[in-house]
Amino acid sequence: MSEYHYIFIHPGQPEQQLISDISRACGTDLRPVDSEFIDYAANLGHAAVEVELSHEYEEAYEIPFERYDSLVSVRDFASDLARQESLARTIFRNLASLEKYSLLLVLDLQVLLDSANPRRGTVAD
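Residues numbered from 1 in each chain as written. Predicted model: local features only at pLDDT ≥ 70, side-chain atom pairs only at ≥ 80, totals over all residues. Heavy atoms only, no water.

Participant: Help me understand the pairing of strand β6 (residues 102–107) in this model?
Facilitator: Looking along a regular strand, one sees the side chains alternate between the two faces of the sheet. Counting buried residues along β6, six of its six residues qualify, which places the element largely inside the surrounding structure. In this sheet, β6 lies alongside strand β1 (residues 5–10) in antiparallel orientation, the contact comprising six bridges. Each residue of the ladder has a partner; that of F8, found in β6, is L104. What sits between β6 and strand β7 (residues 111–117) in their antiparallel hairpin is a turn of three residues, with D108 showing a positive phi close to 55°. (Buried < 20%, exposed > 50% of the residue type's maximum accessible area, 1.4 Å probe, protein only. Helix = DSSP H or I, 4+ residues; strand = E, 2+ residues; numbered from the N terminus. Pairing = 2+ DSSP bridges.)

In structure tokens form, the structure reads like this:
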């Protein structure tokens, strides 16, 4: 079973600004997707970046998912976890540098790797 990295984001609106910011953070344009769960996605060659504008995750492992509106999933096509984490951390840092969003970087919805707040910056690494 593959492990994915997730970036939870608050606020998740305005939608077009959020998608524009995530696109810049990824270095490519996200495109709308006709899927039940995924709203936007991009293929980065070795990995996919997928955006859900809403989710139903609740607190687990003491991580307050319900406080965050949207999420970005990062998955490496070859299941290269180190490369996947590096990409997820780059996207996370790029979003955090905007100082507009509260963020969580999570591995497999179980391990909190990093968090950022627009007023405090990155608080763990």
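Participant: Would you explain the packing of helix α1 (residues 15–26) against helix α2 (residues 81–97) in this entry?
Facilitator: Two elements in contact, α1 and α2, have axes whose closest approach is 8 Å; the angle formed by their N-to-C orientations is 130°. What the angle tells us is that α1 and α2 run oblique. Crossing of α1 against α2: the hand is right-handed. Residues D21, I22, A25 and C26 of α1 lie in contact with α2, whose contacting residues are I91, N94 and L95. In terms of residue class, the contact of α1 with α2 is made up of five nonpolar, one polar and one charged. (Axes fitted to C-alpha atoms, helices over the stretch in contact; angles between N-to-C directions. Parallel < 35°, antiparallel > 145°, perpendicular 65-115°, else oblique. Left-handed = near helix turned anticlockwise from the far one by under 90°. Contact = heavy atoms within 4.5 Å. Nonpolar A, V, L, I, M, F, W, Y, C, P; charged D, E, K, R; others polar.)

Participant: How should the packing of aromatic side chains be read in this particular structure?
Facilitator: Two aromatic rings, taken as a pair, are described by how far apart their centres are and by the angle between their planes. Summed over the entire model, instances satisfying the criterion amount to five aromatic pairs. With 6.5 Å between their ring centres and 45° between their planes, Y6 and F8 make a pair best called tilted. For the pair Y6 and F8, one class covers both residues: buried. Ring geometry for F8 versus Y57: centroids 6.1 Å apart, planes at 80°, classification edge-to-face. Taken as a pair, F8 in strand β1 and Y57 in the loop between β4 (47–52) and β5 (70–76) lie far apart in primary sequence, 49 residues in all. Taken together, Y4, Y6, F8, Y57 and F65 form an aromatic cluster joined through their ring pairs. (Phe/Tyr/Trp six-rings, centres within 6.5 Å; stacked < 30°, edge-to-face > 60°.)

Participant: Just to check I follow, could you spell out the nonpolar core for this structure?
Facilitator: Looking at soluble globular proteins, one finds that nonpolar side chains tend to be buried together. In this structure, I7, I9, I22, I91 and L103 are the most contacted members of the largest nonpolar core, which totals 28 residues. Elements with a minimum of two residues in this core: β1, α1, β3 (40–43), β4, β5, α2, β6 and β7. Element by element, the count of residues in this core is highest for α2, at six residues. Apart from the residues lying within four places of it in its own chain, the contact partners of I22 are I9, L30, V51, V72 and L95. (Core = buried A, V, L, I, M, F, W, Y, C linked by side-chain atoms within 4.5 Å.)

Participant: For this particular structure, what's the right way to read α2?
Facilitator: The periodicity of an α-helix, 3.6 residues per turn, causes residues three or four positions apart to be oriented the same way. Between the first and last C-alpha of α2 there are 24 Å, a value that for 17 residues agrees with the 24 Å anticipated at 1.5 Å per step. For α2, the N-terminal capping position is held by D80, with its side-chain oxygen 3.3 Å away from the main-chain nitrogen of A82. Of the residues one or two after α2, E99 is the one with positive phi, at around 55°. (Expected span 1.5 Å × (residues − 1). Polar contact = N/O pair within 3.5 Å; in protein donor to acceptor, adjacent residues only side chain to side chain.)

Participant: Hey, could you run me through a negative patch on the surface in this one?
Facilitator: Where like charges cluster on the molecular surface, the negative patch consists of E56, E58, E59, E62 and E66. Locating E66 in the fold gives a position in the loop between β4 and β5. For E66, a relative accessible area of 42% puts it in the partly exposed group. (Patch = residues over 30% accessible without salt bridge, like charges linked within 9 Å, V, L, I, M, F, W, Y side chains within 5 Å. Areas by Shrake-Rupley, 256 points an atom, 1.4 Å probe, with all protein chains shown as cover. Salt bridge = Lys/Arg side-chain N within 4 Å of Asp/Glu carboxyl O. Lys, Arg positive; Asp, Glu negative; His and termini not counted. Charge placed at Lys NZ, Arg CZ, Asp CG, Glu CD.)

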